[in-house]
Amino acid sequence: MYIVQIASECAPVAKVGGLGDVVYGLSRELQKRMHWVEVILPKYDCMRYDQIWGLEKIYHDLWVPWYGGSIHCAVWQGHVHGVRCFFIEPHSQDNFFNRGDYYGYPDEAMRFAFFSKAALEFLLKTNRRPDIIHCHDWQTGIVPVLLFEIYKFHGMQNSRVCYTIHNFKHQGICGEDILRATGLGRRDYFFHYDRMRDNFNPGALNLVKAGIVFSNAVTTVSPQYAWEVRLGDQGFGLGHTLNIHQQKFSGVLNGIDTDAWNPEVDRLLPAHYGPSNLDGKYRNKEVLRDRLMLRAGFKPIVSFVGRLDPQKGIHLIRHALHFSLAHGAQFVLLGSSPDPGIGHAFRQLKRQVNDNPDCHLELRYDEELSHLIYAGSDMLIVPSLFEPCGLTQMIALKYGTVPIVRGVGGLANTVFDRDHSDKPLDERNGYVFHQTDEPAIESALSRAIGLWNSSPELFRELMLNGMRCDFSWNLPGQRYLEIYDGILSQP
Ligand code: ADP
C-alpha cells in the first residue's frame, strides 16, 4: 500500500507534542510492514535540521494556486530516522513558515490551508497517487475537501483519506475567505451546517468538522476519548457531527516508538535496564539527582513531563509538587508553556523552591533530559483535565516509573489502579483518581508514596507489571491497516 501522511509535525524533526510522535511512530510501523510511506511537512525555519539526513531540493518550481494567482514553492526531500519526508517551502510575502516557531500566529488557518493545498498540488504534479492520504488535526482538515472537490477531478480519484484528530479542543475555526484562497469557492455549498460551517459560530468555518465530514475514515487517539468526544462533554461542539458520521468514526490507541523509548537500548540514558534487571534504573536516579542538584537519600522521585497547558491540570501539578515535598518525596518537573501567564506563574514557583534540595523545575523543552527523567523517577503524575491519549504515562510504564493519572481519555485505557481496578492483579500498573480537586490527587499520591515506603517489593511488582505492557505500534499499526483496507474497498 502507498500511504502519504500530511501533517504539521513529525518527531523528532518538527515536534511540539504527541502529534509529532504519532506521525513518526505510525510511519515507521507501516514501513516495517513493507508499506511505502512518505510524510509531507512544512519547511519550518525552526525545525531540527540536525535530524534530517540528505536534505536536498527535489522540486524547484511548484506553483500552488492561491486566491486568483499562485505562490511559488520549492519542495525538499530528506530522511528522518528512516522515514522519507518532503518539506514544502513557499516563497511569498506571507512568510508562512519562517517565523521562529511552529504555531501561535494570527493567520494560523491560512498558513496550514496553504500547506494542505501545496501538499496535494505536489502529489498531483509529481504523479504520486497514494492509496491512502492520512492527515492529522485541524491543520490538515481541509485536505479531504480539496481532494474530493478539486484534485479528484485531475486524476486523483482513487486516493482515500483517513483523518485522525489528536485533540478536539483545537478545531481551526476560521473565516470564509479560506474558500476563495484555496480555490474551493462555492460559498453557499461549503458554508453549510452539513459541511464546513461551525456548529456554534454561525459566521465561521470549522476545519476539523470539514475533515470529519469529507474523510472516508475518522479516528481519534483512544477508545475512551472517542466515547467522550461523541457522547460525553469533550467534543467541544462536534459531538453532533460525530454522531451523524459515527459509522466511520473510531478510537485507536496510540503506540509509542519502542526504538526511541526503550530503557534496554536508549542511547540517551547513562545506564540501561529492563524487567529482568532493574539496577540500571537506580543508577539513572543517581545521575538525575546529580544533574538537577537534588540531594541523595531514601526518597522517591515524583515527576511531571509535558506542556504546561490548562489541559494538563495546572492546579493539580502545583498541588502535587507541594504535597510530594510535604510527604517525604522529591519532585521534578520538565515543561514549557507558550502561555505567558502560566509561564510566569511557574517561573515564580521555580524561584520559591529554588533552594529546596528536594525539588527541581526545568521550564523548557529538552528531549534528552526527558529520557533521564522517565528513567530516573519512581512515579510520574498526569493529572489532566482531559487527555486524548497521552504518551507520557505509556513511556513511564515502559521505563518502570509508576504513573499516577486522572482516569480520563487514553489515561483510562492504559493505567489501571493498583487497589481499585477490576483488572487481574498482574495487569494493574499504577494509580488512578477521578475528580479534579486536590483531595483526589492527594489520595492517589499518598497511596503511591505509602507503598514505595512500606512495601518496596510490592512497589517493584507494580513497576514490573507496567514494564510488561505492550504499548508498541504493533497493535495500532494493525488496526490502521484494517481501517485503510476498509476504505479502499469502498466504491
Ligand atoms: P500532548 O500531545 O498533549 O503534548 P502527550 O502526552 O501525548 O501530550 O505527548 C507529549 C510528548 O511530548 C511526550 O513525548 C513528552 O515526552 C514530550 N514532551 C512534552 N513536553 C516536553 C518537554 N518540556 N521536554 C521534552 N519533552 C516534552
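So, a few notes on the structure that sits alongside this text.

Conventions adopted
- Residues numbered from 1 in each chain as written.
- Predicted model: local features only at pLDDT ≥ 70, side-chain atom pairs only at ≥ 80, totals over all residues.
- Heavy atoms only, no water.
- Helix = DSSP H or I, 4+ residues; strand = E, 2+ residues; numbered from the N terminus.
- Expected span 1.5 Å × (residues − 1).
- Buried < 20%, exposed > 50% of the residue type's maximum accessible area, 1.4 Å probe, protein only.
- Arc of directions from axis to C-beta.
- Contact = heavy atoms within 4.5 Å.
- Pairing = 2+ DSSP bridges.
- Axes fitted to C-alpha atoms, helices over the stretch in contact; angles between N-to-C directions.
- Phe/Tyr/Trp six-rings, centres within 6.5 Å; stacked < 30°, edge-to-face > 60°.
- Lys NZ or Arg CZ within 6 Å of the ring centre and 35° of its normal.
- Parallel < 35°, antiparallel > 145°, perpendicular 65-115°, else oblique.
- Left-handed = near helix turned anticlockwise from the far one by under 90°.
- Nonpolar A, V, L, I, M, F, W, Y, C, P; charged D, E, K, R; others polar.
- Right-handed = clockwise from strand over helix to strand, strands pointing away.

### Notes on helix H17 (residues 474-488)
An ideal rise of 1.5 Å per residue puts 21 Å on 15 residues; H17 measures up with 21 Å between its terminal C-alpha atoms. Every buried residue of H17 is listed here: Pro476, Gly477, Tyr480, Leu481, Ile483, Tyr484 and Ile487. On an axial view of H17, the arc spanned by its buried residues comes to 160°, and they lie on one face. Those residues of H17 that are buried are in contact with strand S1 (2-6), helix H1 (18-32), strand S6 (132-136), strand S7 (160-165), strand S10 (217-220) and strand S11 (249-251).

### Some details on unusual backbone geometry
The step from alanine 11 to proline 12 runs through a cis peptide bond, and the omega angle for that step is -5°. Position of proline 12 relative to the elements: it lies in the loop between S1 and H1. Even without glycine at this site, methionine 293 takes up a positive phi of about 55°. You can see methionine 293 is positioned in the loop between helix H9 (279-292) and strand S12 (301-305). Overall, the relative accessible area of 67% leaves methionine 293 in the exposed class.

### A closer look at the sheet that holds S12
One open sheet holds the six strands; their spatial order is S14-S13-S12-S15-S16-S17, and the pairing between them is parallel. Among the strands making up the open sheet, the edge pair consists of strand S14 (359-362) and strand S17 (431-433). When the angles between neighbouring strand axes are averaged without regard to direction, this sheet yields 15°. Sheet analysis places S12 next to strand S13 (residues 330-334), joined by five bridges and oriented parallel. Each residue of the ladder has a partner; that of isoleucine 301, found in S13, is glutamine 330. Packed on one face of the sheet, H9 meets S12, S13 and S14 and runs near 70° to S12.

### Quick notes on the packing of aromatic side chains
In this description, an aromatic ring pair is defined by two values, namely the gap between the centres and the angle between the planes. One pass over the structure, following the stated rule, counts 22 aromatic pairs. Centre to centre, the rings of phenylalanine 190 and phenylalanine 214 are 6.3 Å apart; their planes meet at 40°, and the pair counts as tilted. Taken as a pair, phenylalanine 190 in helix H5 (residues 187-190) and phenylalanine 214 in helix H6 (residues 207-214) lie far apart in primary sequence, 24 residues in all. Through a chain of ring-to-ring contacts, three or more aromatic side chains come together here, namely Tyr44, Trp66, Tyr67, Phe96, Phe97, Tyr102, Tyr103, Phe112, Phe114, Phe115 and Trp138. One residue, arginine 318, lies across the ring of phenylalanine 346, its end atom 5.9 Å from the ring centre.

### Points about the packing of helix H10 (residues 314-326) against helix H15 (residues 438-454)
Between H10 and H15, the shortest axis-to-axis distance is 10 Å and the interhelical angle comes to 40°. With respect to H15, the element H10 is oriented oblique. When the axes of H10 and H15 are compared, the crossing they make is right-handed. Listed contacts from H15 to Leu316, His319, Ala320, Phe323 and Ser324 of H10 are Glu438, Ile441, Glu442, Leu445, Ser446 and Ile449. In the contact of H10 with H15, the residues fall into six nonpolar, three polar and two charged.

### Remarks on the pairing of S1
Across the five residues that make up S1, a large majority, five, are buried. The sheet contact formed by S1 and strand S2 (residues 36-42) spans five bridges and is parallel. Directly across from isoleucine 3, in S2, lies its bridge partner valine 37. Crossover connection from S1 via H1 to parallel S2: handedness right-handed.

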